Amino acid sequence: MDGGIVVNEITTLCYIERDNQYLMLYRVKKEKDINAGKWIGLGGHLILGESPDECVLREVKEESGLTLTSFQIRGIITFCLEGRDAEYMFLYTANGFCGEITECDEGELAWVNKERVLELPLWEGDKIFLKLLQEKAEFFSLKLCYRKDMLVGAVLNGEEIKKDKYIY
């Protein structure tokens, strides 16, 4: 980040698509990282005065060197983490970009086949929204509740998802 004021607990996340693959970030470089050892998309916190669209464009550029030329918001994810304020994440996909991938100071970037993504070390809740993305679901609202690292509840568009429906 370039020194802006962080608006706490509002974030973006983007899955860039190419040839039936997602550009994924394996979070292994930051010392204190809630996502350590997990694979995620690209994104981060909004800074003061930014819109979610501006944030996702900035974060993708900072983390990968790529400039998005075609992207869309796919959903809003509410994370409830025991003992912390809720986090609101704007979820995007992108299928247009230019530039060359650069090294990321937060982890290792890799193109991963979409059918293999759910085999990676992911947050359990990420599997729910990744499946929704792969099913080309309409815009959705998803609430994910965690106790430590364990997913303990999920609500999709106002309706609770039964645990056996989101364990893959």
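On a predicted model such as this, the values are computed, not experimentally measured, just so you know.

A.B. asks: Explain the layout of surface pockets here, please?
C.D. replies: Empty space among the atoms can be located by rolling a probe the size of a water molecule over them. Empty space within the largest pocket amounts to approximately 760 Å³. Forming the boundary of the largest pocket are 30 residues, of which Arg-27, Ile-34, Asn-35, Gly-44 and His-45 lie nearest the centre. Elements represented by at least two residues in the lining of the largest pocket include exactly β1 (6–18), β4 (42–47), α1 (52–64), β5 (67–81), β6 (87–98) and α3 (124–134). With five residues, β1 is the single largest residue contributor to the lining of the largest pocket. Here the residues of the lining of the largest pocket sort into 11 nonpolar, six polar and 13 charged. In this structure, the second largest pocket spans a volume of roughly 170 Å³. Residue lining of the second largest pocket: 14 residues in total, with Glu-17, Gln-72, Arg-74, Thr-93 and Asn-95 positioned closest to the centre. Elements supplying a minimum of two residues to the lining of the second largest pocket: β5, β6 and α3. Of the residues forming the lining of the second largest pocket, the biggest block, four residues, is contributed by β5. Looking at the lining of the second largest pocket residue by residue, the class counts come to five nonpolar, five polar and four charged.

A.B. asks: Explain the packing of aromatic side chains here, please?
C.D. replies: Aromatic ring pairs are described here by two measures, namely the spacing of the ring centres and the angle between the planes. The tally for this structure, following the rule as stated, stands at six aromatic pairs. An angle of 55° between the planes, with centres 6.3 Å apart, marks the rings of Tyr-15 and Phe-129 as tilted. Within this pair, whereas Tyr-15 is found in strand β1, its partner Phe-129 is found in helix α3, the two being separated by 114 residues in sequence. Grouping residues by exposure puts Tyr-15 and Phe-129 together as buried. Between Trp-123 and Tyr-146, the ring centres sit 5.4 Å apart and the planes meet at 80°, which makes this aromatic pair edge-to-face. You can see Trp-123 sitting in the loop between α2 (114–117) and α3 and its partner Tyr-146 sitting in strand β8 (residues 140–147), a full 23 residues away along the chain. Here Trp-123 and Tyr-146 have matching classes, each one buried. Connected via pairs of aromatic rings, a cluster forms that spans Tyr-15, Tyr-22 and Phe-129. Sitting over the face of the ring of Trp-111, Arg-18 holds its NZ or CZ atom 4.0 Å from the ring centroid. Above the ring of Trp-123, the side-chain terminus of Lys-38 is found at 4.9 Å from the ring centroid.

A.B. asks: Hey, could you run me through the environment of Ile-77 in this one?
C.D. replies: Along the chain, Ile-77 falls in strand β5. For Ile-77, a relative accessible area of 0% corresponds to the buried category. When the C-alpha atoms of Ile-77 and Lys-143 are compared, they prove to be 5.7 Å apart, with 66 residues separating the residues in sequence. Ignoring anything within four residues of it in the chain, the contact list for Ile-77 reads Glu-87, Tyr-88, Met-89, Leu-91, Phe-129, Phe-140, Leu-142 and Leu-144.

A.B. asks: Help me out: how do you make sense of the pattern of salt bridges in this one?
C.D. replies: Pairing between side chains becomes possible if they bear opposite charge and their charged atoms approach one another. Using the criterion set out here, one finds 11 salt bridges in the structure. Of the charged contacts, one joins Glu-62 and Arg-58 as a salt bridge, the two residues approaching to 3.3 Å between their closest N and O atoms. On the criterion of helical spacing, the pair formed by Glu-62 and Arg-58 is a turn pair, its members being four residues apart in helix α1. You can call Glu-62 partly exposed: its relative accessible area is 33%.

Basis of the calculations
Residues numbered from 1 in each chain as written. Predicted model: local features only at pLDDT ≥ 70, side-chain atom pairs only at ≥ 80, totals over all residues. Heavy atoms only, no water. 1 Å grid on protein atoms, 1.4 Å probe; cavity = no way out; pocket = protein on both sides within 12 Å on 5 of 7 lines; lining within 4 Å. Points joined across faces, edges and corners; volume = space filled by probe spheres on them. Helix = DSSP H or I, 4+ residues; strand = E, 2+ residues; numbered from the N terminus. Nonpolar A, V, L, I, M, F, W, Y, C, P; charged D, E, K, R; others polar. Phe/Tyr/Trp six-rings, centres within 6.5 Å; stacked < 30°, edge-to-face > 60°. Buried < 20%, exposed > 50% of the residue type's maximum accessible area, 1.4 Å probe, protein only. Lys NZ or Arg CZ within 6 Å of the ring centre and 35° of its normal. Contact = heavy atoms within 4.5 Å. Salt bridge = Lys/Arg side-chain N within 4 Å of Asp/Glu carboxyl O.

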